[in-house]
Amino acid sequence: MPLRSNRAPASGLGNNNQGTGGRELVVCLVISIALFTVGVRTGDSGPLGAVRGAFQTITAPVRLVGSAISMPFQGLGNIFSNLTADQATLSELQAENDELRSRNAELEEAEQTATRLQGLLDLQNTYDLQSTAAHIISGSSDSWSSTVTIDKGTSSGLSVGMAVTSSSGVIGQTVACGATSSTVLLVTDESSSISAMVQSSRAQGMLNGSAAGEVRLDMIRTDQTVEVGDIVVTSGLGGVFPKGLPLGKVTSVEKNPGSMYYTIVVEPYAHTENAEEVLVITSLTDSQVATSEDVAAADSQETSSSSTSTSEDSATDSSSASGSGSSSGAGSSDNTSSTKSTTSSNATKTGN
Amino acid sequence: MRVADKNRDRRDTLILALVCMVCQLALAPNIGIGNGRANFALVFTACVAFNAGGRRGVLAGFFAGLVFDLSTTGPVGLMAGCCAATAYLMGQEGRNRMAGELAASMAEFSIAALIVSLIYHLAMLMVGQSSSLLDVILLRTLPTAFLTIIAFLPFAWYYSRSVGGGSGLSLGGRRRGGGSHLSTRGL
């Protein structure tokens, strides 16, 4: 490319040993063409691909350093790139972005599902539950009951009165079973009642739902110890729920003057709006139901409650209310004994 | 008269090669306009060809192009051939041509960069690496040539300020008036 032919060589001496390089050029061009041909024919799988791979491996640290150094300037480069991008490229990128965003949401969903299923699996392993996994497919279809519908029914071995739990805690129990779906009565439903106990003090009572959606732990005597933050678990007395499954946390404890029992509000751990996969506990092992000692402890609790009630009856006129509460408590304790066979009628309304 | 040291010339060429290679590997991939990237192999080729030329320029161009080919995803040998041919054409004239001739060096290099970039990208088009001629010219050739010219600017400026013996490739601070115009290579 001799554009400056009028320019004289800077030094004649310097050219003596160099020549024009014509021979070298021919050799280099021949080698270049040979390399080019081999490279195009064999692609990355050929020997040149291996050489290139080795070269790029060796030079990778330099590239990394360069990338780190030029990081602050890359935004500027992107601006130029964006300015020079044509409409087709932008549309293509937009479509790709949409696709990736959708894929990302899908993967996040899959990750959350995997986490939930892992939680259920952990729960199943921890409590050694004989259970069937199911999906919640819909919520309550009416405004007066708190239920959900799951996608498993009698064809999967489910029956009325089975306990249903999510990875975070008990949800409720089945109250109606079709061939391929079942209705689960939630613990928050007004008619739900589950034998429960305070984990720390082992004080036993009944966890009842209410129309307001509030869950209360009833039948806990005021001479027992219950504090805000205590964990409430299933007592296993009903024979439906395994002993020790988490139910919720005590959020308020009130002691009303003249009352034998605390008014305890419990925040359930499980919320069906957050749960999609659940476990239906199909049967219990002997170690999961309440022992005779537990039943005796519950009975003694009620007995002492009754005796206290009786002594108070003689002293005050408010005995009738306490007495009915006491008998109700004893009744539920008896009920738990009678429902160990997981019969449907008991499970539906009176709980365990 | 300052006597050129052949070893020092080699060392200076080596330093220049190293600088250009680092720039090619670390800088060029991260600074781009459109799909264009600066070609420091061509910059190195031009520096050697302008200052030394001849056999040495051709070989330097060939190996610089080979490094470029290995560092990219294009076919090996293409830029090596381009750079060797460019070095041959640029090295036909005298030595130390960059000294005091910034504008002329830049003009000559700009034309060379444009032609090499066009040939390279047309070859890429022919081997199926690209699909559109317009894309090749507007989004690849022109930005690449522009960036390569920009990349050559500091080198041209540096060598335009240096004069003196040897091949003129010295990075050791020989400055205008600091030595003889006569190279003693070959003596």
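Conventions used here
Residues numbered from 1 in each chain as written. Chains lettered and ligands numbered in written order. Predicted model: local features only at pLDDT ≥ 70, side-chain atom pairs only at ≥ 80, totals over all residues. Heavy atoms only, no water. Pairing = 2+ DSSP bridges. Helix = DSSP H or I, 4+ residues; strand = E, 2+ residues; numbered from the N terminus. Axes fitted to C-alpha atoms, helices over the stretch in contact; angles between N-to-C directions. Patch = residues over 30% accessible without salt bridge, like charges linked within 9 Å, V, L, I, M, F, W, Y side chains within 5 Å. Areas by Shrake-Rupley, 256 points an atom, 1.4 Å probe, with all protein chains shown as cover. Salt bridge = Lys/Arg side-chain N within 4 Å of Asp/Glu carboxyl O. Lys, Arg positive; Asp, Glu negative; His and termini not counted. Charge placed at Lys NZ, Arg CZ, Asp CG, Glu CD. Buried < 20%, exposed > 50% of the residue type's maximum accessible area, 1.4 Å probe, protein only. Phe/Tyr/Trp six-rings, centres within 6.5 Å; stacked < 30°, edge-to-face > 60°. Core = buried A, V, L, I, M, F, W, Y, C linked by side-chain atoms within 4.5 Å.

> Please provide a residue-by-residue account of the sheet that holds strand S1 (residues 130-138) of chain A, values included.
Residue and element names in this part refer to chain A. Strand order in this closed barrel of six strands is S1-S2-S5-S4-S3-S12, and the pairing throughout is antiparallel. Strand-to-strand, the axes of this sheet are offset by a mean angle of 45°, without reference to chain direction. Note: S1 against strand S2 (residues 147-150), two bridges, orientation antiparallel. Bridge pairing in S2 links Ser138 to Thr149.

> Can you lay out a negative patch on the surface for me, pointing to particular residues and giving the numbers?
Residues and elements named next belong to chain A. On the surface, a cluster of negative charge is contributed by Asp86, Glu92, Glu96 and Glu99. Of note, Glu92 is situated in helix H3 (residues 87-127). The class for Glu92 is exposed, based on a relative accessible area of 57%.

> Outline a nonpolar patch on the surface, supporting the account with residue identities and numerical values.
A cluster of nonpolar side chains, contributed by Ile111, Leu114, Ile115, Leu118, Ile119, Leu133, Leu134, Ile137, Leu138 and Leu142 of chain B, occupies part of the molecular surface with about 830 Å² of accessible area. Its location among the elements puts Ile115 of chain B in helix H5 (residues 102-126).

> Which residues make up the packing of aromatic side chains, and what are the values?
Residues and elements named next belong to chain B. Tallied over the entire structure, the rule returns five aromatic pairs over all chains. Centroid distance Phe62 to Phe63: 5.3 Å. Interplanar angle 75°. Geometry classified as edge-to-face. We classify Phe63 as partly exposed; its relative accessible area is 49%. Their ring planes at 85° and their centres at 5.4 Å tell us that Tyr158 and Tyr159 sit as a pair that is edge-to-face. Considered together, Tyr158 and Tyr159 belong to a single accessibility category, that of buried residues. Clustering of aromatic rings is evident, with ring pairs tying together Phe50, Phe109 and Phe152.

> Go over the nonpolar core with me, naming the residues and quoting the values.
Soluble globular proteins: nonpolar side chains tend toward being buried together. Counting residues in each nonpolar core, the largest one holds 43 residues, and the members touching the most others are Leu16, Phe40, Val43, Cys47, Phe109, Phe152 and Phe155 of chain B. Elements with a minimum of two residues in this core: helix H1 (6-27), helix H2 (40-51), helix H3 (54-71), helix H4 (78-90), H5 and helix H6 (133-161) of chain B. Here the element with the most residues in this core is H2 of chain B; it accounts for 10 residues. Membership of the second largest hydrophobic core comes to 26 residues, among which are Leu120, Val198, Val215 and Leu247 of chain A.

> Hey, could you go over unusual backbone geometry for me, with residue numbers and the actual values?
All names here are of chain A. Of note, Arg202 is a non-glycine position whose phi angle comes to about 60°, a positive value. When you line up the elements, Arg202 lands in the loop between strand S6 (193-198) and strand S7 (204-208). In this structure Arg202 comes out as partly exposed when scored by relative accessible area, which is 43%. In this structure, Met219 takes a positive phi of about 70° despite not being glycine. Relative to the elements of secondary structure, Met219 occurs in the loop between strand S8 (215-218) and strand S9 (231-234).

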